[in-house]
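# Structural characterization, general
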Amino acid sequence: MARVATALTLVAATTILAVLAGPRSASAAELPVPLGTAANFAILAGTTVTNTGLSMVTGDIGVSPGTAVTGFPPGQLNGAIHSNDGPAVQAQSDLVIAYNDAVSRTTTDIVATELGGTTKTTGVYESAAGTFTIGGDLNLDAEGDPNAVFIFKTTSTLITGASSTVNLLNGAQSCNVFWQVGSSVTLGANSLFRGNLLTFTSITVGAALEVDGRAMAINGAVTMDTDTVTRSTCAEPGELSISAPETADLGSASLGGVASGNLGPVTVTDERLLSEPTWTATVVATDFVTSGVPVHTISNTNASYWSGPATATSGIGTFTSGQPTSGDAEIINVERTAFTLTNGVGNNSATWDPVVSVQIPLTAVAGVYTGTITFSVA
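Please read all numbers here as calculations on a predicted model, not as lab measurements.

Summing up its helical and strand segments, the protein has 1 helix and 36 strands in all. On C-alpha atoms alone, the protein measures out to a radius of gyration of 29 Å, which is more than a quarter above the 21 Å that the 2.2 N^0.38 rule sets for 378 residues. Seen through its principal axes, the protein has C-alpha atoms that stretch 95 × 40 × 30 Å. Expressed as a percentage of its 378 residues, the buried residues of the protein come to 48%. When contacts within the protein are restricted to residue pairs at least 6 apart in sequence, long-range pairs at least 24 apart make up 65% of them.

Quick look at the structure:
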């Protein structure tokens, strides 16, 4: 009786059919405040921009209707200065629109003046006393949602203490943090401030301070002293992709036996920056064919598959195996679900090490059989 004496090899040529979903706007409770052309500016003032010392500004500096920008140099600028020109005039107009938009947002929580020592999730926060202070660390927690928006509204002042910090947690981005201040802002020395300041009057940036965002005043001046101001930008959405090993060897089996083995790690990576991502990974096999002459084929109806549990995951969501155990194995002559993500928040990934088994017919001939396993994700 003839026997299959050589290895039955599965060549898992990784045909990746990733269907890429376009990024969606934030589905959190709030949308970002639209900055218009003001988004091009790191510093924007109504009367003057004054710098002392070796400040570093990334983004444009603008002033309108005033014209004075002083202190550059010695300050360093990675951008352009617009002194009551067309871009500055338009940016101030757009700043007023943004300011009024923030004022009009429906308050979700009225909070105490002192924000230091607290943690806030997405929402619109209004000061009960009409002023805000940050005397320590303020934590902004996006809870995994990169589109989470934080809006703080005060009818009067915002004052931060020396060495205070605004921290971004779990995917929060400075570009989605907005401070609507009805009077003036004073930022304490040696501190780290994050977000976009939409200020009615003036902004004083203390010595040796870092601003990750924008300092924008409608009517008054912006004053700096050896500071770093970096215009914030939101991260660019990435792709939904899947990867798998190029080859796998299922070993050898006799006629009527089963060749079986792990394919190696299959990984879905979701970098779309969606608030509520979902995806489904699928798997399907071709027939298995010898390379010699004459050609012999083992039908893909003889191939079964099970994903097993995830070996690694990242991010927030419910990761579900299509076939958690060997008892759940499915014939993969048609597309089968390999893994899914539901209830997702933000970027995520999942890895598993699936098993493929091929039943060797009694009519098979000795030889090396190859086929293709195709993983897709959408």
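From this point, things continue past the structure.
For the rest of this paragraph, the subject is the sheet that holds strand β29 (residues 297–298). The 3 strands lie next to each other as β29-β28-β35, forming an open sheet whose pairing is antiparallel. Strands with a single pairing partner mark the edges of an open sheet, and in this sheet they are β29 and β35 (369–370). Sheet topology note: the strand β28 (residues 288–290)/β29 ladder contains 2 bridges and is antiparallel. Paired with Phe288 across the strands is Ile298, a residue of β29.

Over the atoms a probe the size of a water molecule is rolled, and this reveals where empty space is left. For the second largest pocket, the calculated volume is near 150 Å³. Contributing to the lining of the second largest pocket are Pro32, Val33, Leu35, Ala39, Cys175, Asn176, Phe178, Asn196, Arg214, Ser232, Thr233 and Cys234. Broken down by class, the residue content of the lining of the second largest pocket amounts to 7 nonpolar, 4 polar and 1 charged.

Here Thr267 is to be found in strand β26 (residues 266–270). Here Thr267 falls in the buried class, since its relative accessible area comes to 19%. A polar contact is formed between the side chain of Thr267 and the side chain of Thr351, at a distance of 2.8 Å.

Looking now at the sheet that holds strand β25 (residues 258–262). Spatial ordering of the open sheet is given by β25-β34-β30-β32, a layout of 4 strands whose pairing is antiparallel. Edge positions in the sheet fall to β25 and β32 (330–331), since each of these pairs with one other strand and no more.

Bringing the state of the cysteines into the picture now. Summed over the entire model, instances satisfying the criterion amount to 1 disulfide. Between the sulfur atoms of Cys175 and its disulfide partner Cys234 the distance amounts to 1.8 Å. Given an S-S torsion of about 100°, the disulfide between Cys175 and Cys234 has right-handed geometry. Placement of the pair is Cys175 in the loop between β16 (165–169) and β17 (177–181) and Cys234 in the loop between β23 (228–230) and β24 (240–243), with a sequence separation of 59 residues.

Now for helix α1 (residues 86–104). The first and last C-alpha atoms of α1 sit 27 Å apart over 19 residues, in line with the 27 Å expected at 1.5 Å per residue. The opening residue of α1, the one whose side-chain oxygen lies 3.1 Å from the backbone nitrogen of Ala88, is Asp85.

Let us now look at the confidence of the model for the protein. Detailed reading of the predicted coordinates is not advisable wherever pLDDT falls low. Residues with a pLDDT of 70 or more make up 92% of the protein, whose mean pLDDT is 91. Between residues 1–28, whose pLDDT stays under 50, and residues either more than four places distant or in other chains, the model counts 101 contacts.

Let us now look at the packing of aromatic side chains. Taken as a whole and assessed by the stated rule, the structure comprises 8 aromatic pairs. Aromatic pair Phe339 and Trp352: ring centres 4.6 Å apart, planes at 20°, arrangement stacked. Judged by its relative accessible area of 0%, Trp352 falls in the buried class.

With that settled, the discussion passes to unusual backbone geometry. Across the junction of Phe72 and Pro73, the peptide omega takes the value -5°, indicating a cis bond. Position of Pro73 among the secondary structure elements: in the loop between β6 (68–70) and β7 (76–78). Following Pro73, the chain continues into Pro74 via a peptide bond in cis, with omega recorded as 10°. In this fold, Pro74 is placed in the loop between β6 and β7. Its identity as a non-glycine residue notwithstanding, Leu273 has a phi of 60°, on the positive side.

Ranked by size, the top nonpolar core spans 38 residues in total, and within it Ile43, Phe152, Trp179, Phe193 and Leu197 carry the most contacts. Counting residues in each nonpolar core, the second largest holds 34 residues, with Trp279, Phe288, Ala350 and Tyr369 among its members.

Let us now look at the side chain of Gln92. Locating Gln92 in the fold gives a position in helix α1. By relative accessible area, Gln92 is classed as buried at 8%. In terms of polar contacts, Gln92 uses its side chain to reach the backbone carbonyl oxygen of Ala45, at 2.8 Å. Residues in contact with Gln92, not counting those within four places in the same chain, are Leu44, Ala45, Gly46, Ser64, Ala217 and Ile218.

Calculation rules
- Residues numbered from 1 in each chain as written.
- Predicted model: local features only at pLDDT ≥ 70, side-chain atom pairs only at ≥ 80, totals over all residues.
- Heavy atoms only, no water.
- Helix = DSSP H or I, 4+ residues; strand = E, 2+ residues; numbered from the N terminus.
- Rg over C-alpha atoms; globule rule 2.2 N^0.38 Å.
- Buried < 20%, exposed > 50% of the residue type's maximum accessible area, 1.4 Å probe, protein only.
- Contact = heavy atoms within 4.5 Å.
- Pairing = 2+ DSSP bridges.
- 1 Å grid on protein atoms, 1.4 Å probe; cavity = no way out; pocket = protein on both sides within 12 Å on 5 of 7 lines; lining within 4 Å.
- Points joined across faces, edges and corners; volume = space filled by probe spheres on them.
- Nonpolar A, V, L, I, M, F, W, Y, C, P; charged D, E, K, R; others polar.
- Polar contact = N/O pair within 3.5 Å; in protein donor to acceptor, adjacent residues only side chain to side chain.
- Disulfide = S-S within 2.5 Å.
- Expected span 1.5 Å × (residues − 1).
- pLDDT = per-residue confidence, 0-100.
- Phe/Tyr/Trp six-rings, centres within 6.5 Å; stacked < 30°, edge-to-face > 60°.
- Core = buried A, V, L, I, M, F, W, Y, C linked by side-chain atoms within 4.5 Å.

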